[in-house]
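Residue-level structural notes
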Amino acid sequence: MTTLTQTFKIPESIKKGSKFSFCPGCDHGVAVRLVAEVLDELGLREKTIAVASIGCSVTLYDFLEVDSLEAPHGRALAEATGIKRARPDKFVFTYQGDGDFASIGMAESMHCALRGENVTAICINNTTYGMTGGQLGPTTLIGQVTTTSPTGRNVEYYGYPIKIAEHIALCDGTAYSARVSLDTVPNIRKAKAAIKKAFEIQQQGLGFSFVEILATCPTNWKKSPQKAHERVREEMMPIYKPGIYKDITANN
Amino acid sequence: MSHIVIDKERCKGCYLCIEECPKKLLKVGKDVNSLGVHLVEFDDPNHECLGCAMCATRCPDMAITEVYKG
Amino acid sequence: MTECLTKTSKKVLTKGNYAIANAAVLAGCECYFGYPITPQSEIGEFMSGKMQELKRAYVSAESELAAINMVLGACATGAKAMTSSSSCAVALMQEALSYAASDELPIVLVSVMRGGPGLGNIYPSQGDYNQATIGGGNGDYKMIVLAPATVQECVDLTYKAFYLAHKYKNPTVLLADGLLGQMMEPVEFKEYPYPEVDNSDWALTGAKNRPGRIIRSYAPSADNQCEFLNKLHAKYKLIEENETEWEEINTEDADIILVSFGSPARNAKSAMKECRKLGLKVGLLRPITLFPFPSKRIAELAEKTKKFISVEINMGQMIRDIKLAVNGKAQVELLNRPVGNPPSVEEIVEKIKKESGV
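Keep in mind the model is a prediction, meaning the values are calculated, not measured.

Now for the domain arrangement of chain C. Residues and elements named next belong to chain C. Under the domain assignment used here, chain C contains domain 1 (8-197 + 230-242) and domain 2 (247-356). Relative placement of domain 1 and domain 2: their C-alpha centres are 26 Å apart. Taken together, the contacts link 25 residues of domain 1 with 20 residues of domain 2. It is helix 6 (residues 129-135) that contributes the most residues to the side of domain 1 that touches domain 2, four residues altogether. Residue composition of the side of domain 1 that touches domain 2, by class: 15 nonpolar, seven polar and three charged.

This next bit is on the sheet that holds strand 7 (residues 208-214) of chain A. Read across the open sheet, the eight strands follow the order 8(A)-6(A)-7(A)-5(A)-4(A)-2(A)-3(A)-10(C); overall the sheet is mixed. A strand with exactly one partner marks an edge of an open sheet, and here the two such strands are strand 8 (243-247) of chain A together with strand 10 (214-215) of chain C. In terms of strand pairing, strand 5 (residues 120-125) of chain A meets strand 7 of chain A through six bridges, oriented parallel. Note that in strand 7 of chain A the partner of Thr120 of chain A across the bridge is Ser209 of chain A. Docked against the sheet, helix 1 (residues 28-42) of chain A engages strand 2 (48-52), strand 4 (91-97), strand 5 and strand 7 of chain A, running at close to 160 degrees with respect to strand 5 of chain A.

Below, the discussion takes up the confidence of the model for chain C. For chain C, per-residue confidence averages 96 on the pLDDT scale, and 97% of positions sit at 70 or higher. Taken over the whole predicted complex, pTM reads 0.96, whereas the ipTM for its chain interfaces reads 0.97.

Before going further, it helps to examine the interface of chain A and chain C. Listed as interface residues are 30 residues of chain A and, on the opposing side, 35 residues of chain C. For the side of chain A that touches chain C, the secondary-structure elements that each account for two or more residues are strand 2, strand 3 (67-70), helix 3 (76-86) and helix 5 (106-115) of chain A. Taken together, the residues of the side of chain A that touches chain C break down into 13 nonpolar, five polar and twelve charged.

Turning next to the sheet that holds strand 1 (residues 5-9) of chain A. Pairing is antiparallel across the open sheet formed by three strands, whose spatial order is 1(A)-4(B)-1(B). Across the chains shown, the open sheet's two edge strands, defined by having one partner strand only, are strand 1 of chain A together with strand 1 (3-6) of chain B. Across the sheet, the mean angle separating the axes of adjacent strands is 15 degrees when strand polarity is ignored. For strand 1 of chain A and strand 4 (residues 64-69) of chain B, the ladder comprises four bridges, and the chain directions are antiparallel. Bridged to Thr5 of chain A within strand 4 of chain B is Lys69 of chain B.

This next bit is on helix 10 (residues 264-277) of chain C. Residue and element names in this part refer to chain C. In a regular helix each residue adds 1.5 Å, so 14 residues correspond to 20 Å; helix 10 covers 20 Å between its end C-alpha atoms and thus fits that length. In this structure, the buried side of helix 10 is in contact with strand 11 (246-249), strand 12 (256-259), strand 13 (282-287), strand 15 (307-312) and helix 13 (345-356). Two residues or fewer past helix 10, Gly279 is found with a positive phi of approximately 90 degrees.

Between chain B and chain A, the residue contacts involve 23 residues of the former and 23 residues of the latter. Mapped by element, the contributors of at least two residues to the side of chain B that touches chain A are helix 1 (16-20), helix 2 (54-58) and strand 4 of chain B. Its residues placed into classes, the side of chain B that touches chain A shows ten nonpolar, five polar and eight charged.

This part is about the environment of His233 of chain C. In this fold, His233 of chain C is placed in helix 9 (residues 222-243). Sequence separation between His233 of chain C and Tyr141 of chain C is 92 residues, and the spatial gap between their C-alpha atoms is 7.9 Å.

Quick look at the nonpolar core now. Ile213 of chain A together with Val71 of chain C are the most contacted members of the largest nonpolar core, which has 192 residues in total. Residue assignment places this core across two domains, with domain 1 (8-197 + 230-242) and domain 2 (247-356) of chain C each supplying three or more. Setting aside residues no more than four positions away along its own chain, Val71 of chain C makes contact with Gly82 of chain A together with Phe33, Ala81, Met82, Thr83 and Ile107 of chain C. Among the nonpolar cores identified, the runner-up in size contains 22 residues, and Tyr15, Val40, Met54 and Cys59 of chain B belong to it.

Before going further, it helps to examine the pairing of strand 6 (residues 121-124) of chain C. All names here are of chain C. Pairing of strand 5 (residues 108-115) with strand 6 involves two bridges; the strand directions are antiparallel. Note that in strand 6 the partner of Gly115 across the bridge is Asn121. Between strand 5 and the antiparallel strand that follows it, strand 6, lie five residues; Gly118 among them carries a positive phi value of about 65 degrees.

All names here are of chain C. In contact at an axis separation of 8 Å, helix 1 (residues 16-26) and helix 2 (residues 41-53) are set at 35 degrees when each is read in the N-to-C sense. Of the two elements, helix 1 crosses helix 2, and the hand of that crossing is right-handed. Only Glu42, Ile43, Phe46, Met47 and Lys50 of helix 2 make contact with helix 1, whose side of the interface consists of Asn17, Tyr18, Ile20, Ala21, Asn22 and Val25. For the contact of helix 1 with helix 2, the per-class residue count stands at seven nonpolar, two polar and two charged.

On to unusual backbone geometry. Across the junction of Gly116 of chain C and Pro117 of chain C, the peptide omega takes the value 5 degrees, indicating a cis bond. Along the chain, the position of Pro117 of chain C falls in the loop between strand 5 and strand 6. With an omega dihedral of 0 degrees, the bond running from Phe291 of chain C to Pro292 of chain C counts as a cis peptide bond. Position of Pro292 of chain C relative to the elements: it lies in the loop between strand 14 (289-291) and helix 11 (295-302). Positive phi values are uncommon outside glycine, yet Ala53 of chain B reaches one of about 70 degrees. Counting through the fold element by element, Ala53 of chain B comes out in the loop between strand 3 (38-42) and helix 2.

Rules and cut-offs
Residues numbered from 1 in each chain as written. Chains lettered and ligands numbered in written order. Predicted model: local features only at pLDDT ≥ 70, side-chain atom pairs only at ≥ 80, totals over all residues. Domains from an automatic or database assignment. Contact = placed C-beta atoms within 7 Å. Helix = DSSP H or I, 4+ residues; strand = E, 2+ residues; numbered from the N terminus. Nonpolar A, V, L, I, M, F, W, Y, C, P; charged D, E, K, R; others polar. Pairing = 2+ DSSP bridges. Axes fitted to C-alpha atoms, helices over the stretch in contact; angles between N-to-C directions. pLDDT = per-residue confidence, 0-100. Expected span 1.5 Å × (residues − 1). Core = buried A, V, L, I, M, F, W, Y, C linked by C-beta atoms within 7 Å. Buried ≥ 20, exposed ≤ 12 C-beta atoms within 10 Å, placed from the backbone. Left-handed = near helix turned anticlockwise from the far one by under 90°.

Written out as structure tokens, the structure reads:
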């Protein structure tokens with residue numbers, strides 16, 4: 001008789017009985033689960049205060065068994081700053097979309113990084129505003145059709161998309177900035193490693209840590225979950241290259 | 001023996017797990033849950049499952065709630 | 001120059017902005033987040049030094065938007081936290097104030113009014129009476145609004161602002177004006193006179209040995225939004241019943257009652273005294289809380305007085321609340337200056353004479 005080893009379980013940090021309300025095949029579910037797994041592994045759940053922002057990401061607080069604050073749209077890192085400054089012993093992270101982080105909240109995000117606030121930001125980049133029905137956002141790719149770029153994003157009307165992880169890496173207060181993808185299982189594992197590293201950086205008190213996660217929005221992209229991952233690989237990853245853009249703990 | 005546990009009410013029918021299984025042990029089944037989704041079935045007559053949890057790692061809804069290796 | 005004041009039993013000469021800042025420190029304010037704007041910049045300047053000296057939290061925020069949201073974050077942990085600002089910059093904060101009201105967070109905002117609309121100017125004004133009492137944010141909410149008229153009251157009402165904010169879990173505004181902010185008067189910094197409010201049943205402290213807490217304003221259904229608003233407004237009613245505060249002088253036999261808050265109330269008081277010397281039956285009612293407004297008392301006085309005169313530095317904002325309270329039972333007149341120094345004692349006396357038919 002062989003003994004069984006459990007190789008997967010629902011993380012303790014996930015609320016008992018909760019089910020994700022994301023659309024079928026949406027990568028948000030994977031990202032939230034990875035966050036929960038890392039909270040478990042680092043034993044952070046009981047000292048965590050999460051900040052959810054506006055967009056699909058706001059529902060984070062329905063799924064994680066942690067204390068959470070809902071920030072107004074774009075202000076998650078201002079809220080996180082207030083929490084961390086008031087209670088430096090707590091573990092504080094934000095979970096935001098690209099529109100929240102890099103459009104309406106760009107000032108708050110950038111200045112939080114510049115100040116080197118000892119908090120972690122997770123930003124889901126799916127190149128669109130998902131909750132409101134797929135409009136053009138700060139990361140919408142050139143040529144991408146959205147409900148507000150009906151013939152595709154062109155530079156004349158819309159300007160250029162932003163490469164978030166690279167910009168955040170330029171801030172002196174940033175200790176860690178990485179971009180990961182959830183398109184394959186090996187990449188999901190890398191994404192988890194990046195989240196873990198970012199959380200550890202905060203535990204060590206080293207400054208601002210940031211993970212940009214390339215994710216799908218099958219509903220608004222009007223693609224099957226499988227085809228959506230193909231798009232991440234073929235269209236997003238060549239522009240938004242995964243990698244670690246800054247890690248002050250790395251050698252050299 | 002290695003196996004997985006599927007929570008039928010969590011499955012939303014995205015079927016991302018199916019292509020992930022290295023042994024092709026997952027398929028779209030006939031049963032339907034309360035969402036009206038044809039559920040994923042785990043069919044492993046020859047005990048080929050590796051317990052690798054690639055399916056559960058891929059699943060965005062934690063519908064594959066447990067994976068065992070052994 | 002940052003004056004370093006501390007608790008003292010004897011009177012010291014200081015300006016309104018420093019009085020507010022020092023009182024906040026003595027009230028136990030743990031976090032200050034701010035962005036400069038005249039005529040209240042001394043508050044942030046004082047706090048930057050003092051909070052660091054005391055190892056408390058201070059952030060020079062990138063904007064007022066960020067500053068007020070940092071206050072929300074800190075208050076969500078149960079901390080005593082504040083920001084201070086003025087008119088056009090308080091306008092930027094309205095979204096967060098609406099969230100704070102909905103989240104029931106005990107934020108303290110010091111609003112030192114300057115001229116508006118738009119950029120306006122840095123002269124004293126009461127043009128943000130409506131902004132504070134009605135609210136510029138979305139939805140049906142109320143903030144507690146305290147209006148000092150002296151530098152000593154800047155101290156006393158700052159203490160009170162922290163207490164009421166935490167007692168009622170409600171955003172609370174100390175509404176001063178540029179004149180009070182810059183004016184120097186002798187003040188006494190007494191011990192913070194209020195009990196500490198227990199926030200252990202709601203503050204975000206980490207989900208240890210209990211389920212996770214969520215502070216949010218999102219109400220997924222119309223039904224739970226209705227329930228929430230009814231509950232919120234029951235709290236506002238309670239605040240009205242318990243916390244309405246005003247100063248009242250010579251109203252019992254008055255034919256004319258001056259109603260004025262903040263710095264113009266000082267001239268109104270002097271004018272009332274002058275008129276009494278002339279044999280005119282003039283009284284004064286000075287609202288100290290603008291929400292809750294002393295409507296009930298004004299309604300009682302309207303039964304026996306002939307006229308109310310609202311003295312304001314704006315185009316007539318508080319006068320609406322007076323008219324609502326008076327409900328047609330007496331005449332309500334306005335003596336205003338659009339912006340700048342309050343109507344002078346002489347102007348007010350002239351107005352009273354005119355309205356008395358003298």
